[in-house]
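Chain and residue survey
Listed here are the chains, written in short residue letters.
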Amino acid sequence: MTGASDTRADRELEEERRADRKGGPGHTVLLALALAVPVAKVAYTVGGGDAVRDVFVGMEPANWPDVLLGMVITDPLLGSVLAVVISRLVFALFAARGAVPTGRGRLAHLRRIGVTVLNPLAVGVIDACLFGPWWGLGTGLAAYALRKGVVVEYRTGRRRPHHAHDTAHGSGPGDAHGTAHDPDYRPPPWLRRAAAAEQGAALLLTAVVLPSLFFVSALDGQAWTSIVTCRVTDGTRTADARLIELSRKGDGVVGWNLDAEEISNGLGCTGTESRFVREPWWRS
């Protein structure tokens, strides 16, 4: 019975290790969102159909990521949750490769502090610059909390770095930083419970909250970038028109003409305060 239990435990650890090495479910979710959400955003904003194709052609492939970037940097909640998810995903990925130092020495302790705190601090600073200090503080603390759970799991042996697993089975060289866990590490019960809850919180953020926020942002009726008022020449007639800026050409703008519903070249453009194009989906 013991042998069967050990085999089952090894299989579970191996599955967890593979998930961490590949980024877990977060990797798949982020990839799907990166592909689907920008198209949904453009389709709802400009009306779908031929308009979507015209917009993406007018943007040129190099500018397509601007749709996703524009959504993230103009929505504080979406940007903050995305920062937390990416911070945790990247840390779990590197932790599976032995990035969590083990041992009780001062150097190991300082290294653990560094790998746990540095990235949450970075995403917190970025968030603070974009959305304000309170958003930055909340994002940094949330990112740190999810990373701390990963550290506890690896130090207690609930998860193991992949080269440590290989070493234990005699299939690779030893590594001072790749041991399975710290045998003498005894976190308090509350920290163990928090580490277990961290997995559920990370899964909820990645698989439920983040996709929901992305699609709310995609269907909110706002442009993903600036709306400008420009002089547009159509044949012999010149008039002012509102354009969703797609790219810049010389001293003008290529944009989606909200009045004529076509791609137009605009000159003498000035920015507008509002980015609203139509009513949000839940009000239409």
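Throughout what follows, the structure given in this document is the object of discussion. (Residues numbered from 1 in each chain as written. Predicted model: local features only at pLDDT ≥ 70, side-chain atom pairs only at ≥ 80, totals over all residues. Heavy atoms only, no water.)

**Comments concerning the side chain of Asn63**
Short version of the rule: Each helix corresponds to a stretch of at least 4 residues labelled H or I by DSSP, and each strand to a stretch of at least 2 residues labelled E; elements are numbered beginning at the N terminus. N or O atoms closer than or at 3.5 Å make up a polar contact, with two conditions inside protein: a donor-capable atom paired with an acceptor-capable one, and, for residues adjacent in sequence, both atoms drawn from side chains. Contacts are assigned to residue pairs that have any heavy atoms within 4.5 Å of one another.
Mapped onto the elements, Asn63 comes out in the loop between α3 (50–59) and α4 (65–74). Looking at Asn63, its side chain comes within polar contact range of the main-chain oxygen of Met59, at 2.6 Å. If near-sequence neighbours (up to four positions away) are discounted, Asn63 is found in contact with Leu246 and Ser247.

**Details of the side chain of Asn257**
What counts here: Residue burial is assigned from relative accessible area. The probe radius is 1.4 Å, only protein chains are included, and a residue is buried under 20% of its type maximum, exposed over 50%, and partly exposed in between.
Summarising the element assignment, Asn257 is placed in strand β3 (residues 252–257). Overall, the relative accessible area of 4% leaves Asn257 in the buried class. Dropping the residues within four chain positions of it, Asn257 is found in contact with Val232, Ala241, Arg242, Leu243, Glu262 and Ser264.

**Some thoughts on the nonpolar core**
For clarity, the threshold we go by: In this description, a nonpolar core means a group of buried Ala, Val, Leu, Ile, Met, Phe, Trp, Tyr and Cys residues linked to one another through side-chain atoms lying within 4.5 Å.
Counting 30 residues, the largest nonpolar core has Val42, Val46, Val55, Leu210, Phe214, Trp224 and Ile244 as the members making the most contacts within it. Take this core: its biggest share by element is six residues, from helix α2 (residues 24–46). If near-sequence neighbours (up to four positions away) are discounted, Ile244 is found in contact with Thr45, Val46, Ala223, Trp224, Thr225, Ser226, Ile227, Val254, Gly255, Trp256, Leu258 and Val277.

**What to know about unusual backbone geometry**
If you check the backbone angles, Glu60 has positive phi at about 70° while not being a glycine. Here Glu60 shows up in the loop between α3 and α4. Overall, the relative accessible area of 35% leaves Glu60 in the partly exposed class. Positive phi is not limited to glycine here, since Glu261 has a value of about 55°. Summarising the element assignment, Glu261 is placed in the loop between β3 and β4 (262–271).

**Here's the deal with α3**
Put simply, the rule reads: Here the arc refers to the set of directions running from the helix axis out to each C-beta atom.
Looking at α3, one finds that the buried residues are Ala51, Val52, Val55, Phe56, Gly58 and Met59. Considered in projection along α3, the buried side chains sweep an arc of 160° and stay on one side of the axis. Opposite the buried face of α3, by more than 90 degrees, sit the exposed residues Asp50, Arg53 and Val57. Looking one or two places after α3, you find Glu60, whose phi comes out positive at around 70°.

**Observations concerning the pairing of β3**
Each regular strand displays side chains that alternate between the two surfaces of the sheet. Rule in force here: Whether two strands pair comes down to DSSP finding at least two bridges between them.
In terms of burial, β3 is largely enclosed, as six of its six residues are buried. Inspection of the sheet shows strand β2 (residues 237–249) paired to β3 by six bridges, in the antiparallel sense. Its bridge partner being in β3, Glu245 is matched across the sheet by Gly255. With antiparallel pairing between neighbouring strands as the criterion, β2 and β3 make up a hairpin whose turn holds two residues, including Gly250 at a positive phi of roughly 60°. Of the pairings in the sheet, the one linking β3 to β4 comprises six bridges and is antiparallel in character. Its bridge partner lying in β4, Gly252 is registered against Leu267. Remark: four residues form the turn of the hairpin made by β3 and β4, two consecutive strands paired antiparallel; Glu261 in that turn has positive phi of roughly 55°.

**What to know about the sheet that holds β3**
Stated formally: Fitted lines through C-alpha atoms give the axes, limited to the stretch in contact for helices. The angle between two N-to-C directions lies from 0 to 180 degrees.
Pairing within the closed barrel is antiparallel, and its four strands lie in the order β1-β2-β3-β4. Each neighbouring strand pair of the sheet contributes to a mean axis angle of 60°, computed without reference to strand direction. In the sheet, strand β1 (residues 227–234) pairs with β2 via eight bridges, with the strands oriented antiparallel. Of the residues in β2, the one forming a bridge with Thr229 is Arg242.

**Side note on the state of the cysteines**
Between two cysteines, a covalent bond joining their sulfur atoms is known as a disulfide. Put simply, the rule reads: Whenever a pair of cysteine sulfur atoms sits within 2.5 Å, that pair is classed as a disulfide.
Counted by the stated rule, this structure contains one disulfide. A disulfide bridge connects Cys230 with Cys269, and the sulfur atoms are separated by 2.0 Å. Given an S-S torsion of about 115°, the disulfide between Cys230 and Cys269 has right-handed geometry. One end of the pair, Cys230, is in strand β1; the other, Cys269, is in strand β4, and 39 residues separate them in sequence. Among the residues examined, Cys269 registers a relative accessible area of 28% and is labelled partly exposed.

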